[in-house]
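Structure assessment
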Amino acid sequence: MPEAHEADDEEEMPLSLRLSIADTLTLGNATCGFMAVYFTTTGILIPHLTGHDESAGMARHSAATAVILILCAAVFDLFDGLVARKLRSSPMGAELDNLSDLISFGLAPAYFVLVYGMVADDAHQRVAALGAIVVLLAVVLRLARFSCVTMKDGMFQGMPSPFGALTVVSIVLLELPFFATLLAILGTAWLMVSRVEYPKPRGRLAVAMLSWIVLSMGLLTAWAFDAPSGQLLLQTGCALQLVMGAVIPLFATARRVHNFRDNRREARAAQLP
């Protein structure tokens, strides 16, 4: 009898309340984003505000941990889509994905920028706060547009929010002059809401993205523990992230121009007698 009662309860549970494996991975994404905010606050902001930030190692460890958590969120975001396509996702899977992305790739990097503006020597807090708001709103607009606009298969419109978040934190970690950092962050925010096409991470591209994330984690760990040449390795990795963020739109634009020219040639050829 108890077994029959449990079976009835399971049948009566609305489909929208049943979490799939993909949904569980999505919740892992949200958890990583929240913990990134936590480590940014407890390891960087609070010591700075209380005057206990003498140890540069502590701030470095906390910053590395926060960025590694954002990288972990990107891994969860990568795999929840793959799992959802292979198995299934619950009816609320798309909503969970957008909300989790907002936390991990909107709030967490924007908060990272905000704290940077408060602790960096040459930073301007209010200007940094404005940059953080722009990053957050760019992700909000991008996620909302993603839910409304249908793109051709295999492509995103605008820089994907995980890639944008990693680019933003890479800009901060490069420790460029403040206004150069701010301009690069604003440029990244613009790319997220632009119409530039980005390929979806599938097949070999997904493997390449996962490999890049693992390499980035290694670079951050080496930097956090003050390994020999750790700072140089981190700056090289961050610079490569920025280069990819700039090069991909150029390739996408060149491909669009090439396709446009091919279509015009085909149209002209079809008009010939």
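Residues numbered from 1 in each chain as written. Predicted model: local features only at pLDDT ≥ 70, side-chain atom pairs only at ≥ 80, totals over all residues. Heavy atoms only, no water.

**Re the overall build of the protein**
Secondary structure summary: the protein contains 9 helices and 2 strands in total. Listing the helices and strands of the protein from first to last along the sequence gives α-α-α-α-α-β-α-α-β-α-α. Across the 273 residues that make up the protein, the buried fraction comes to 42%. In the protein, 81% of the contacts between residues at least 6 apart in sequence involve partners at least 24 apart. Accessible surface computed for the protein: about 15,300 Å², of which carbon and sulfur atoms make up 67%. (Helix = DSSP H or I, 4+ residues; strand = E, 2+ residues; numbered from the N terminus. Buried < 20%, exposed > 50% of the residue type's maximum accessible area, 1.4 Å probe, protein only. Contact = heavy atoms within 4.5 Å. Areas by Shrake-Rupley, 256 points an atom, 1.4 Å probe, with all protein chains shown as cover.)

**What to know about a nonpolar patch on the surface**
Where nonpolar side chains cluster on the molecular surface, the patch consists of Val 243, Val 247 and Phe 251 and spans about 280 Å² of accessible area. By secondary structure assignment, the location of Val 243 is in helix 9 (residues 230–271). By relative accessible area, which is 45% here, Val 243 ends up partly exposed. (Patch = residues over 30% accessible without salt bridge, like charges linked within 9 Å, V, L, I, M, F, W, Y side chains within 5 Å. Salt bridge = Lys/Arg side-chain N within 4 Å of Asp/Glu carboxyl O.)

**Describing empty space enclosed by the protein**
Applying the stated criterion across every chain, the model contains 2 cavities of 30 Å³ or more. One number sums up the size of the largest cavity: a volume of about 140 Å³. Listing elements by their share of the lining of the largest cavity, those giving two or more residues are helix 3 (56–86), helix 6 (161–173), helix 8 (204–224) and helix 9. Per-class residue counts for the lining of the largest cavity are 10 nonpolar, 4 polar and no charged. Here the second largest cavity is characterised by a volume of approximately 40 Å³. (1 Å grid on protein atoms, 1.4 Å probe; cavity = no way out; pocket = protein on both sides within 12 Å on 5 of 7 lines; lining within 4 Å. Points joined across faces, edges and corners; volume = space filled by probe spheres on them. Nonpolar A, V, L, I, M, F, W, Y, C, P; charged D, E, K, R; others polar.)

**Brief notes about helix 2 (residues 21–50)**
Its 30 residues place the ends of helix 2 42 Å apart at the C-alpha level, agreeing with the 44 Å of an ideal helix rising 1.5 Å per residue. Along its length, helix 2 shows its largest kink, about 35°, at Thr 41. Gly 51 sits one or two residues past helix 2 and shows a positive phi near 75°. (Expected span 1.5 Å × (residues − 1). Bend = angle between axes of the 7 residues up to and from the residue.)

**Regarding the UniProt feature "transmembrane region" (unreviewed entry) in the protein**
Here the UniProt feature "transmembrane region" (unreviewed entry) sits at residues 25–46, 58–79, 99–120, 127–144, 164–193, 205–225 and 231–254. Secondary structure within residues 25–46 divides into 100% helix and 0% strand; the distance between the first and last C-alpha atoms comes to 31 Å. Across residues 164–193, the secondary structure splits into 87% helix and 0% strand, with the terminal C-alpha atoms separated by 10 Å. (UniProt positions renumbered as here; feature names shortened; annotations may be inferred.)

**Regarding the layout of surface pockets**
Quantified by volume, the largest pocket comes out at close to 1,100 Å³. Lining the largest pocket are 41 residues, and of these Asp 77, Phe 156, Pro 160, Lys 200 and Pro 201 sit closest to its centre. Those elements that place two or more of their residues in the lining of the largest pocket are helix 2, helix 3, helix 4 (93–119), helix 5 (125–148), helix 6, strand 2 (197–199), helix 8 and helix 9. A per-element tally of the lining of the largest pocket places helix 3 first, with 8 residues. Considered class by class, the residues forming the lining of the largest pocket number 23 nonpolar, 8 polar and 10 charged.

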